[in-house]
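# Observations on chain architecture
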There are 2 protein chains.
Amino acid sequence: MTLNKVIVLLSGGLDSATTAAIVKDEGCHVIALSFNYDQRHGIELEAAKKVARHLNLDKHMILNIDLSQIGGSALTAAIDVPKQRSAEQIKEGIPVTYVPARNTIFLSYALAVAEVEKVADIYIGANSLDYSGYPDCRPEFIEAFEKLANLATKTAIEGSKIQIKAPLINLTKAEIIKRGNALGLDYSLTFSCYDPDKEGLACGQCDSCILRKKGFAEAGLTDPTQYASMVIE
Amino acid sequence: MTLNKVIVLLSGGLDSATTAAIVKDEGCHVIALSFNYDQRHGIELEAAKKVARHLNLDKHMILNIDLSQIGGSALTAAIDVPKQRSAEQIKEGIPVTYVPARNTIFLSYALAVAEVEKVADIYIGANSLDYSGYPDCRPEFIEAFEKLANLATKTAIEGSKIQIKAPLINLTKAEIIKRGNALGLDYSLTFSCYDPDKEGLACGQCDSCILRKKGFAEAGLTDPTQYASMVIE
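Report on the accompanying structure. (Residues numbered from 1 in each chain as written. Chains lettered and ligands numbered in written order. Predicted model: local features only at pLDDT ≥ 70, side-chain atom pairs only at ≥ 80, totals over all residues.)

### Notes on the relation of the copies chain A and chain B
Superposing chain A onto chain B requires a rotation of 180° together with a translation of 0.0 Å along the rotation axis, leaving an RMSD of 0.0 Å. Here the transformation between the copies is reduced to the relation of a two-fold axis. Using C-alpha coordinates, one finds that chain A approaches the rotation axis most closely at I65 of chain A, a distance of 2.6 Å. Taken together, the interface assignments show that 100% of the residues at the interface of chain A recur at the interface of chain B, consistent with an identical surface on both copies. (Least-squares fit on C-alpha atoms with pLDDT ≥ 70 in both. Contact = placed C-beta atoms within 7 Å.)

Following this line, the structure appears as structure tokens:
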């Protein structure tokens, strides 16, 4: 294993960017991993690229994967993204923005890269508090994946323990933002919206925008995002 | 959940074809799932298509995934496939034909399809006896993935238990072939070779060809494969 060499799943959103900032600050050699999965918008990937440059990450891999053929989510098929729900409503049940088995797929790819790159630590920005009710963002999911990883791989069989680390799992969105802010992370580079307009502006009304705005408000910091709804006003 | 509707991972090889034959014989509605992962040869996928038609499977999905960017295996990168090893040598260690985290990735996609198709049973032709020493073909891997699946998904949270079934896991290659033969499976449609020649003929010398030939011999059946080495003679 290469000491201090880690993999970070980087979506271009607020959580994964903060996770990357944390491990980079700890002096790790960071391989960022992003996925081009025919999202409705490529803005997220552009954000991931900007964040990777901003944080001076050591390597940024973008893998092309095909989730649109599977569909089943507002993010991968023609299903409307819910709008203007309260933080309480967002936590009820599993929303249509849930992408079936997405984090399982992402972590599986990370595991493959970990095998090839001789890395034992995989970081994911999963967060179980201020988040939509996605089953694959819960601590028990992360633990189960780690157990799997240690049976599935050559790395594990050859004696290195693979660790799936989710440093934000029990933080509120406000705590995450404060942490990144203290590390100098430029949140204007990150992008959270599920349903941006044609100009690429965040809608300000989807679950992800609402949680982001609430997080910045609770952190007492200014959200640098330019929202489409602000432009309309 | 849709009763009797199952997903089968179908590579076009002997094991997955037998698995599909078994579940089809049990009266299941079978969704076969294959992957185009920039293998060196597309022959495997053609075999999967033929097997799906032969067994009259209900649906055959082929997902494009990109493993060549990750590499790390003789099947996805420019690494030589080992030849003429004995069955004992094949069992020693993890060979270079191991594709990092491949079964984890395949099962993750199957999980996504299961969510969308409302399926709770996923079949994989993994076999831990007459097989190369792949970590992700062992019973403990299958069990760990099933545990993960039941934490990762909407299906599980909504109350259905996802099962990862590997009916061949403890069978010898000979037993697998006898089973498929009894079910009328035409093994001439399946393809096992890791390193076919330009005409698409199986090499007869890689681990997979050796295990296949040994399996047919021990089953007392004729291997219908036309091997390149037979042509040379």
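### Some points on the pairing of strand β1 (residues 5–9) of chain A
All names here are of chain A. Most of β1 sits inside the fold, with four of its five residues counted as buried. Tracing the backbone out of β1, into helix α1 (residues 14–25) and back to the parallel element strand β2 (residues 29–36) gives a crossover that is right-handed. Bridge count between β1 and strand β4 (residues 121–123): three bridges; the pairing is parallel. The residue of β4 that forms the bridge with V8 is Y123. (Buried ≥ 20, exposed ≤ 12 C-beta atoms within 10 Å, placed from the backbone. Helix = DSSP H or I, 4+ residues; strand = E, 2+ residues; numbered from the N terminus. Right-handed = clockwise from strand over helix to strand, strands pointing away. Pairing = 2+ DSSP bridges.)

### Quick look at unusual backbone geometry
Residue Q84 of chain A is not a glycine yet carries a positive backbone phi of 50°. With a phi angle near 60°, A101 of chain B is a residue other than glycine that sits in the positive phi range. Tracing the chain through its elements places A101 of chain B in the loop between α3 (87–91) and α4 (102–117).

### Quick notes on the sheet that holds strand β4 (residues 121–123) of chain B
Residue and element names in this part refer to chain B. Strand order in the open sheet made by the five strands is β3-β2-β1-β4-β5, with parallel pairing throughout. The open sheet has two edge strands with one neighbour each: β3 (59–64) and β5 (163–165). For this sheet the average axis-to-axis angle between neighbouring strands, irrespective of direction, equals 25°. Two strands pair when backbone bridges link them, and strand β2 (residues 29–36) and β3 are joined in this way by six bridges, in the parallel orientation. Of the residues in β3, the one forming a bridge with F35 is L63. Against the sheet, helix α1 (residues 14–25) contacts β1 (5–9), β2 and β4, and its axis sits at roughly 170° relative to β1. (Axes fitted to C-alpha atoms, helices over the stretch in contact; angles between N-to-C directions.)

Function cannot be inferred from these measures alone, as they are strictly geometric.
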